[in-house]
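Breakdown of the fold
Residue-level listing of the chains:
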Amino acid sequence: MSTGIQNLVGLDRQELEGLARSLGKAPYRGRQLYHAIYRRRSTGIASLTDLDKDFKGALTARYHVDYPRVQAVFTSTDGAARYLLSLQDNTLIETVYMPEEQRVTLCLSSQAGCAVDCRFCFTALLGLQRNLSAGEILGQVLAVANEREILRSARLNLVFMGMGEPLLNLAQVMKAVRILADPQGFGIPLRRITVSTSGIVPRIGEMALDPRRPKLAVSLNASTEEQRTELMPINRKYPLRELLRACRAYPLRPRELVTFEYVLLDGFNDTDADARRVGELLRGMRAKVNLIPYNSGSELPYYASPMERVLAFQEVLAGYKIPAYIRISRGQDIGAACGQLRLKGMRNGATTP
Ligand code: SAH
Ligand code: SF4
């Protein structure tokens, strides 16, 4: 369904400079375009006022600034909102908006669906549809910022914890991260961008070498090799021992920590003995743990641990001097957990904007 019109969202500074040059303009015209698209979030070429008329005319014929379309919004009583976004080829993805007092966190998708097949995860049930392009990743930020009228001065936090395994789409994710972190682009500091992975060990090593690497979060979710393999079959390929070695080698900036996410599943990985093993595994690391109460659903045979278990788990980790935060899932009433949006969005017709 190609219209022959290309989307400018997703092009980086060099590419836009090249585009300007190809249209007979000076490279700085490309930089103006870059600034207008990402920094000022201009939505139409016509509104790019600092471009000369000639250039605008040439651009309009062949390019547009296109965001993913908001297909449905599920708003939670706690202020969080899940966006079901539709891409140019009608692929559906989810982005979650979570307002807090001093900042807004957006939870981004890196793929439509996921191939990793974690047993407790709803995105896994979809399988992998396809990778998202850098433009589709940036488009999530632009579409939600636009819809919510998020001020350019607002403190934005980005987490790649939506659909998909970001490290299996690393080139596009890193291209998006560079534009997001660029002061001339979105201007979101790297310390406020977190990429979460199920543990694709060689890609963690690759990210570690990049001076513009985002913060690392790892879905630990288990305290032994066997338990993790049962929950996350990827552990067979990249065992816990190697994963932790890669995490220890990940370079950290001052005050930065590696985040370990631990989804607590009732009677499966939530005992005091599990917590002690996690304490041992993370000993001596600059790490923190996010304890995530599970969002359950009828399709999968796991249940959330009771809150007293979650608190006990946290207490054991405190004994190991490991900071552990209970991440009360935002928007539980709207199923804001990873991957639930797509499934629910398909089944019951949500409110369309
Ligand atoms: N693929 C990446 C990022 C997306 S998943 C990863 O696995 O890290 C983001 C987080 O959501 C992971 O820590 C995962 O363990 C968690 N998660 C998945 N399904 C969940 C559910 N139903 N309830 C709570 N957390 C869930
Ligand atoms: Fe994929 Fe992450 Fe879900 Fe595992 S938890 S299936 S890696 S999205």
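Residues numbered from 1 in each chain as written. Chains lettered and ligands numbered in written order. Predicted model: local features only at pLDDT ≥ 70, side-chain atom pairs only at ≥ 80, totals over all residues. Heavy atoms only, no water.

With respect to spatial proximity, 21 residues lie near ligand 1, and among them Gly164, Ser196, Ser219, Glu261 and Asn295 are the closest. Taking Glu165, its side chain carries an N or O atom lying 3.4 Å from a nitrogen atom of ligand 1. Ser196 places a polar side-chain atom, nitrogen or oxygen, 2.6 Å from an oxygen atom of ligand 1. Across the complex, the protein chains shield 94% of the 540 Å² of accessible surface that ligand 1 would expose by itself. (Near = heavy atom within 4 Å. Polar contact = N/O pair within 3.5 Å; in protein donor to acceptor, adjacent residues only side chain to side chain. Areas by Shrake-Rupley, 256 points an atom, 1.4 Å probe, with all protein chains shown as cover.)

Okay, the site of ligand 2 next. The environment of ligand 2 is made up of 10 residues, and the closest members are Cys114, Val116, Cys118, Cys121 and Ser198. By residue class, the composition of the shell around ligand 2 is 6 nonpolar, 2 polar and 2 charged. (Nonpolar A, V, L, I, M, F, W, Y, C, P; charged D, E, K, R; others polar.)

For the pair helix H11 (residues 272-281) and helix H12 (residues 307-319), the least separation of the axes is 9 Å and the interaxial angle reads 35°. Crossing handedness for the pair H11 and H12: right-handed. Residue-level contacts link Asp272, Asp274, Ala275, Arg276, Val278 and Gly279 of H11 to Arg309, Ala312, Phe313, Val316 and Leu317 of H12. Taken together, the residues that form the contact of H11 with H12 break down as 6 nonpolar, 1 polar and 4 charged. (Axes fitted to C-alpha atoms, helices over the stretch in contact; angles between N-to-C directions. Helix = DSSP H or I, 4+ residues; strand = E, 2+ residues; numbered from the N terminus. Left-handed = near helix turned anticlockwise from the far one by under 90°. Contact = heavy atoms within 4.5 Å.)

Here we take up the nonpolar core. One finds Leu8, Leu33 and Phe260 to be the most contacted residues of the largest nonpolar core, which totals 108 residues. In this structure, Phe260 is in contact with Val218, Leu220, Leu244, Cys247, Leu282, Met285, Ala287, Lys288, Val289 and Asn290, ignoring residues within four places of it in sequence. Judged by nonpolar contacts, the second largest core, of 7 residues, contains Ala80, Val96, Cys107 and Ala217. (Core = buried A, V, L, I, M, F, W, Y, C linked by side-chain atoms within 4.5 Å. Buried < 20%, exposed > 50% of the residue type's maximum accessible area, 1.4 Å probe, protein only.)

Next up on the list: the packing of aromatic side chains. Evaluated as defined, the whole model comprises 5 aromatic pairs. Between Phe268 and Tyr302, the ring centres sit 5.8 Å apart and the planes meet at 85°, which makes this aromatic pair edge-to-face. Of this pair, Phe268 sits in the loop between strand S12 (258-264) and H11 while Tyr302 sits in the loop between strand S13 (287-293) and H12; the two residues are 34 residues apart in sequence, bridging distant segments of the chain. Ring pairs connect the aromatic residues Tyr34, Tyr38 and Phe186, which therefore count as one cluster. Sitting over the ring of Phe74, Arg82 keeps its end group 4.3 Å from the ring centre. (Phe/Tyr/Trp six-rings, centres within 6.5 Å; stacked < 30°, edge-to-face > 60°. Lys NZ or Arg CZ within 6 Å of the ring centre and 35° of its normal.)

This next bit is on the packing of helix H5 (residues 134-148) against helix H6 (residues 170-181). The N-to-C vectors of H5 and H6 enclose an angle of 45°; their axes lie 8 Å apart at closest approach. It follows from the interaxial angle that H5 and H6 lie oblique. Two packed elements cross with a definite hand, and for H5 against H6 that hand is right-handed. Residue-level contacts link Ala134, Ile137, Leu138 and Val141 of H5 to Gln172, Val173, Lys175, Ala176, Ile179 and Leu180 of H6. Across the contact of H5 with H6, the residue classes break down as 8 nonpolar, 1 polar and 1 charged. (Parallel < 35°, antiparallel > 145°, perpendicular 65-115°, else oblique.)

Interpretation in functional terms is not warranted from these geometric data alone.
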